[in-house]
Structure formats: C-alpha cells, structure tokens
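Residues per chain are reported as follows:
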Amino acid sequence: AALPAGALAPAPAQHLFSDPAETEALRGSLLAWYDKCKRDLPWRTLVRGDSGRRGCLWVSEIMLQQTQVATVIDYYNRWMQKWPTLQALAQASLEEVNTLWAGLGYYSRGKRLQEAARKVVSELAGRMPRTAEDLQKLLPGVGRYTAGAIASISYGQATGVVDGNVIRVLCRLRCIGADSSSPAVIDWLWDMANALVDRSRPGDFNQALMELGATVCVPKAPLCGECPVKQHCRARRRKLFGKPTPVPDVEDCGVGGCPLCPPATEPWDSSLGVTNFPRKAAKKQPRAARTAVCVLERRGCHGAMEYLIVQRPSSGLLAGLWEFPSVLLAQSLQEEEQREVLADHLQAWTGQPVVPGALQLIGEVVHIFSHIHQTYVVYSLPLDGDMSLDPALSPSRWVTEEMFHASAVSTAMKKV
Ligand code: SF4
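What comes next concerns the included structure.

What counts and how
- Residues numbered from 1 in each chain as written.
- Predicted model: local features only at pLDDT ≥ 70, side-chain atom pairs only at ≥ 80, totals over all residues.
- Heavy atoms only, no water.
- Salt bridge = Lys/Arg side-chain N within 4 Å of Asp/Glu carboxyl O.
- Helix = DSSP H or I, 4+ residues; strand = E, 2+ residues; numbered from the N terminus.
- Buried < 20%, exposed > 50% of the residue type's maximum accessible area, 1.4 Å probe, protein only.
- Core = buried A, V, L, I, M, F, W, Y, C linked by side-chain atoms within 4.5 Å.
- Axes fitted to C-alpha atoms, helices over the stretch in contact; angles between N-to-C directions.
- Parallel < 35°, antiparallel > 145°, perpendicular 65-115°, else oblique.
- Contact = heavy atoms within 4.5 Å.
- Nonpolar A, V, L, I, M, F, W, Y, C, P; charged D, E, K, R; others polar.

The tally for this structure, following the rule as stated, stands at 14 salt bridges. One salt bridge connects Arg27 with Glu24, and the closest N-O pair in it is separated by 2.9 Å. Of this pair, Arg27 and Glu24 both sit in helix α1 (residues 20-37), separated by 3 residues, roughly a single helical turn. With relative accessibility at 10%, the residue Arg27 sits in the buried group. Here Glu96 and Lys82 are joined by a salt bridge, their closest N and O atoms 3.9 Å apart. Within this pair, whereas Glu96 is found in helix α6 (residues 94-101), its partner Lys82 is found in helix α4 (residues 69-82), the two being separated by 14 residues in sequence. Classification of Lys82 as partly exposed rests on a relative accessible area of 42%. It is possible to trace a salt-bridge network through shared partners that takes in Asp35, Arg201 and Asp204.

Here the focus is the nonpolar core. Grouped together as the largest cluster of nonpolar side chains are 101 residues, with contacts concentrated most on Trp58, Met63, Trp79, Met128, Leu170, Leu189 and Leu212. The next biggest cluster of nonpolar side chains, apart from the first, holds 18 residues, and it includes Cys294, Leu346, Val354 and Leu383.

Of note, the amide linkage connecting Phe277 to Pro278 takes the cis form, showing an omega dihedral of -5°. With respect to the helices and strands, Pro278 occurs in the loop between α13 (234-241) and β1 (287-299). At Tyr106, a residue that is not glycine, the phi angle is positive and equals roughly 45°. Take Tyr106: it is sitting in the loop between α6 and α7 (108-123). Not every positive phi belongs to a glycine, and Leu318 is a case in point at roughly 55°.

A separate point is the packing of α1 against helix α12 (residues 202-215). In contact at an axis separation of 9 Å, α1 and α12 are set at 75° when each is read in the N-to-C sense. Between α1 and α12, the interaxial angle falls into the category roughly perpendicular. For the pair formed by α1 and α12, the contact residues are Arg27, Leu30, Leu31, Trp33, Tyr34 and Cys37 on the first element and Asp204, Phe205, Gln207, Ala208, Leu209, Glu211, Leu212 and Thr215 on the second. Residues belonging to the contact of α1 with α12 are distributed by class as follows: 9 nonpolar, 2 polar and 3 charged.

Here you go:
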C-alpha cells in the first residue's frame, strides 16, 4: 500500500525496538533506576499525595513547556498556593494570572490554562478529561505532549510522550540521525514512544524517560557510564565498536537511502560519539526589531517617584501585560528620528505637545524572545504636572517602583 504523504518508508531494524524481550528488559532497567534516582519535585509529591488535586500536574506541565525545572518550582508553588483547585483557578482574573506569571515568559500559556480551567468547571462539570485524545481535543493550550503526560501520569493511560528529552534519548538509543524536528521523524518518535511505554506503569515510565534525558543523557556530555539503559543503546555501541558494515544487514543500515540515518552529506563524526544524535536542521535566525520606550516619571503625592505604565492589547505578543509607553521603530532610523517618532506617539496618545528635545536618551536594552531579537531604546521624560490620557486608548496607571515590580510586567520591561 502507498504510504501517506510525508510518512517515512519502513525503517531498517537498527532503528526499531523489535525484540519484545529487549523492550521488556529496557523498561525494567529504566523503571528500577527511576525508583532509586528520581528528583523530588513538588508536583510529584502532590500527584502522589492527593488524587483530588490532579490539576496540579497540568499546571506544572504547562509551566515546564520551554522553561527549566529550577525556574518553574517557585512559580508552581506560588500558583498552587493561590489556586489549589481548578474551581479556584476558574474564578481568577486574567490580571491576577498575568501578575503571577510575570517573568516566566510565553504568557499565553497562563491565559489558556485559566481558560481551560473555566471550561472544565463550566462545561465539563468539573471533571478533567482522562484520555490523551480527549485532553487534547477539549482543553485549550493542551497539545499532544501535555495530553500524553497528564493521561499517563494522572490517569494511568498507556500512552507515550515525546518532548525534547525523549527525542534525544530515543534518537541515541536507536541511532536516528535524520532531522529530529521534521514532522515525519517526530511522528516516527511518537509511534516509538507509544510502543515502548510500560503497560503497567506508563506515567512512571514516561517520567523516567524524560528524567534520563534531563539528568544522564544530557545534550553535550552524556553520562553513558552511569546510564541504566546503556546495554540497549545503539549510539553507544556504535561509539565503542565503530561504524556499521558498508553492506546492510538486519542490524545496520550501511550506506545510503535510510530515512532515519544521518544524511549522506553529514555522516557519523567519530569525534562526537553519541552526541552525533539527535540532529536538527539549522534554526531560523530570530528577526531583529527595535522599539522606543518612554519612562514617564513624576513625583507622586506622597513624595515617591511614580512611573506611567499602559496595558498591551489582549492578543498578540505579551498580551494583556503592562509596559512603559512604547512604539515599534523602523530599522535604521537615526537617533534624532527615533526621538521624533516617539514624541509623535506620545503626543497622539496624550493629546498634549511633546517636544522631542525633552526626551532624555538613557540607553539600549536587548531582550531575546523566542523568535525576535528585540532592542529597546529607552528614553525618560520627567513631568511636572499630571498628564491626562485619552481613556478610549489603552488602560494606563501611575505606579511606584515597588508597585511596578508587583504588576503583570514582562521580564523585558523589568530590564528596561
Ligand atoms: Fe544516552 Fe549514553 Fe544512555 Fe545511550 S548510553 S541512552 S547515549 S546516556
């Protein structure tokens, strides 16, 4: 039968887990290692200790997308303290969610988490969906990975997960050197994860595989000597015993044509050892952007300095967060032109004349978002009196430095 578009041709045995006895042994070794060595993370304690609060795993999984465990722990603890149940979260305002999320990045995650909690409470009678398929279908912000993690860890469904750690481990275990970010290879890895997951302890198995990637099979210098599945690892075998024979046999692909081997133009590099795997096509460079920012400041009635912040639109980058008044600049403007653009912007917004020369250039701040290399050109403008703002434009408020740090502002604005 013809393969579906984008699917990979059948792969040679070297990339499969085709021996049931070996698969069973691998599962056993990995789970035994996990039972002994797993890190004590707050969401693990809660999942084990309180079956009524399974939403906590969901919160941790959403926070952990694109973010390191060490950063997440503190946010997670504060979040669970504030909203220990889905019912409590469903009643929170977006402003409260953004305030707690401030600094964690990818702000739409918090917003969607709260929308999903509302949906569970109002449309699903407070009952979380229990299979990966339903979780992904019914809850906003829950993708394939998060659905698999919740279904396997909280509800015991024998379904696999694929995240960055799992990709690395599977690619090394089975010498997969084709572009691991291509949809066809990702699909292949999902099939593999689903086939490999332990049937009786799927949640622990998935966590073990991710934990192995996070602590042993790490990107740059994996600790193969301490690895619980080293005897099943084909990248390690290749490192120890050299390249496969040029004539393909059941174990090795040999040269050319295999959809999962490294491309012929980038063959195995023996100086890299197991870190030959995984491989990714080169990343697109983030695009450069420049934004002029104005810190308007005045002396408040209690003598403390106050700063004006405005709220961003409720969709798009950093939706609903607060920032100093800002305007995107065309590239390659001279300093004087930047100053004029900013003065025009402030003038349109306040309805009062703003003289470009009154803006004081403070300096530049760079912040890297996932896809944008953003430079903020920072100005300040001290004000004597108040400034009345058109209420039809974005909401705005004056804050002290302390209030600023307690508001829903992005890390980029804190740098500013
Ligand atoms: Fe990763 Fe090394 Fe273990 Fe293979 S032996 S899975 S490369 S840590």
